[in-house]
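# Report on the structure
The chain contents come next:
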Amino acid sequence: MSEVRVLIVDDEPLARRSLRVLLEQHPDMHVIGECQDGRGATAVLHDGAVDLLFLDIQMPELDGFGVIREIGAPRMPATVFVTAFDEFAVRAFEVQALDYLVKPFTDERFEIMLARAREHLRRRDLREVAARLAGLLEQEGRARTGPGARGERTACATARPTAPPIAHATTYAKRLLVTTANRSQVIHVSAIDWVQADDYYAALHVGGRRHLLRETMSALEARLDPETFLRIHRSAIVNIERVHGLERTADGQLVVVLGNGARLPVSRSRRDAVEVALGRRGA
């Protein structure tokens, strides 16, 4: 993988140092600067030369959400939220630009996050990032807008690169990287039978085995080709190629039947869309 330009934004010196030390263990990660506030971060981000951003949510004056508003979701790089508050981390992960770290985080958690970041950057799918960051700002509401007061101090130490912004293209995932405590496994998307929601994970059902992916259903759905994968319930996505047929229960419930025998209920709100999608493909 080519060099990844990283910016660290956090008002705590120890937190910035911890991230830098961990990143320095990876030759492909090049920290171009550290900022201790949101104003400093926006100055660097306006140059468009950052690939991966570690962004503290809670900062004085201009917080992490304010930075996103200032730059604009479409221009934001891949973003890892950093926070000491679980409630913010959960909200950030639900819209998930990429991932989050809750301080203090372990080296193992950092490595899991970095593996995910590399996969995301390899795909260069930042239109998805923009959509999710925009959703986060909408949730936060106007009350969260940064103050933008005049005369604010900008504190940011950077080695400004001159490289132009990188053009990004949207593609659907062909492989997913499932990471456990001591290993990572590549799952080919075409091999997935169906996906099940499991808290903040997505459980991939592949040939009788179950793999947990640290991703929300909405985030994963956006990465999967809608010509192949169909959301039939808030808790289930099916591979259309695995669908054997549709059945109706005595009480009128529509059920998708897969070739492996799995029977998955269809939510009432998605019934018409499922029937149309499967009918269009001759199911």
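Residues numbered from 1 in each chain as written. Predicted model: local features only at pLDDT ≥ 70, side-chain atom pairs only at ≥ 80, totals over all residues. Heavy atoms only, no water.

Looking now at the nonpolar core. Formed by 21 residues in total, the largest nonpolar core has its most connected members in Leu7, Val9, Leu45, Leu53, Leu55 and Val67. Of all the secondary-structure elements, those providing two or more residues to this core are strand 1 (4–9), strand 2 (29–35), helix 2 (38–45), strand 3 (52–56), helix 3 (64–71) and strand 5 (99–102). With residues up to four places along the chain from it excluded, the contact list for leucine 45 reads Leu7, Val50, Leu53, Val67, Ile71, Arg75, Met76 and Pro77. In terms of nonpolar packing, the next biggest core, distinct from the first, is built from 20 residues, Ala78, Leu101, Leu114 and Ala117 among them. (Core = buried A, V, L, I, M, F, W, Y, C linked by side-chain atoms within 4.5 Å. Buried < 20%, exposed > 50% of the residue type's maximum accessible area, 1.4 Å probe, protein only. Helix = DSSP H or I, 4+ residues; strand = E, 2+ residues; numbered from the N terminus. Contact = heavy atoms within 4.5 Å.)

Attention shifts here to the packing of helix 2 against helix 3. How two helices sit against one another is set out by the angle between their axes and by the gap between those axes. Orientation of helix 2 relative to helix 3, taken along the N-to-C sense of each, is 30 degrees, at an axis distance of 9 Å. Here helix 2 lies roughly parallel to helix 3, going by the angle between them. For the element pair helix 2 and helix 3, the recorded crossing hand is right-handed. Contacts between helix 2 and helix 3 involve Gly38, Arg39, Ala41, Thr42 and Leu45 from the former and Val67, Glu70 and Ile71 from the latter. Split into classes, the residues belonging to the contact of helix 2 with helix 3 amount to 4 nonpolar, 2 polar and 2 charged. (Axes fitted to C-alpha atoms, helices over the stretch in contact; angles between N-to-C directions. Parallel < 35°, antiparallel > 145°, perpendicular 65-115°, else oblique. Left-handed = near helix turned anticlockwise from the far one by under 90°. Nonpolar A, V, L, I, M, F, W, Y, C, P; charged D, E, K, R; others polar.)

Right, let's talk about the sheet that holds strand 11 (residues 209–213) for a bit. Pairing in this open sheet of 5 strands is antiparallel, and the strands run 11-10-9-13-12 from one edge to the other. Where the open sheet ends on each side, the last strands, each with one partner, are strand 11 and strand 12 (229–233). Sheet twist, expressed as the mean angle between neighbouring strand axes with direction ignored, is 25 degrees. (Pairing = 2+ DSSP bridges.)

Moving on, we come to the environment of glutamate 61. Note that glutamate 61 resides in the loop between strand 3 and helix 3. Since its relative accessible area comes to 47%, glutamate 61 is described here as partly exposed. Each C-alpha atom, one on glutamate 61 and one on glycine 38, is 7.5 Å from the other, the two residues being 23 residues apart in sequence.

Residues Tyr200, Tyr201 and Leu212 make up a contiguous nonpolar surface patch of roughly 240 Å² in combined accessible area. Within the secondary structure, tyrosine 201 sits in strand 10 (residues 201–206). (Patch = residues over 30% accessible without salt bridge, like charges linked within 9 Å, V, L, I, M, F, W, Y side chains within 5 Å. Areas by Shrake-Rupley, 256 points an atom, 1.4 Å probe, with all protein chains shown as cover. Salt bridge = Lys/Arg side-chain N within 4 Å of Asp/Glu carboxyl O.)

Looking at the element boundaries, threonine 79 is found in strand 4 (residues 78–83). Among the polar contacts made by the side chain of threonine 79, one reaches the main-chain carbonyl oxygen of proline 77 at a distance of 2.8 Å. (Polar contact = N/O pair within 3.5 Å; in protein donor to acceptor, adjacent residues only side chain to side chain.)

Turning our eyes to something else, we now look at the confidence of the model for the chain. Across the chain, the average pLDDT comes to 79, with 75% of residues at 70 or higher. Taken together, the stretch residues 142–153 has pLDDT below 50 and engages in 21 contacts with residues farther than four places along the chain or on a different chain. Counting contacts from residues 160–170, a segment whose pLDDT is below 50, to residues more than four positions away or on other chains yields 20 contacts. (pLDDT = per-residue confidence, 0-100.)

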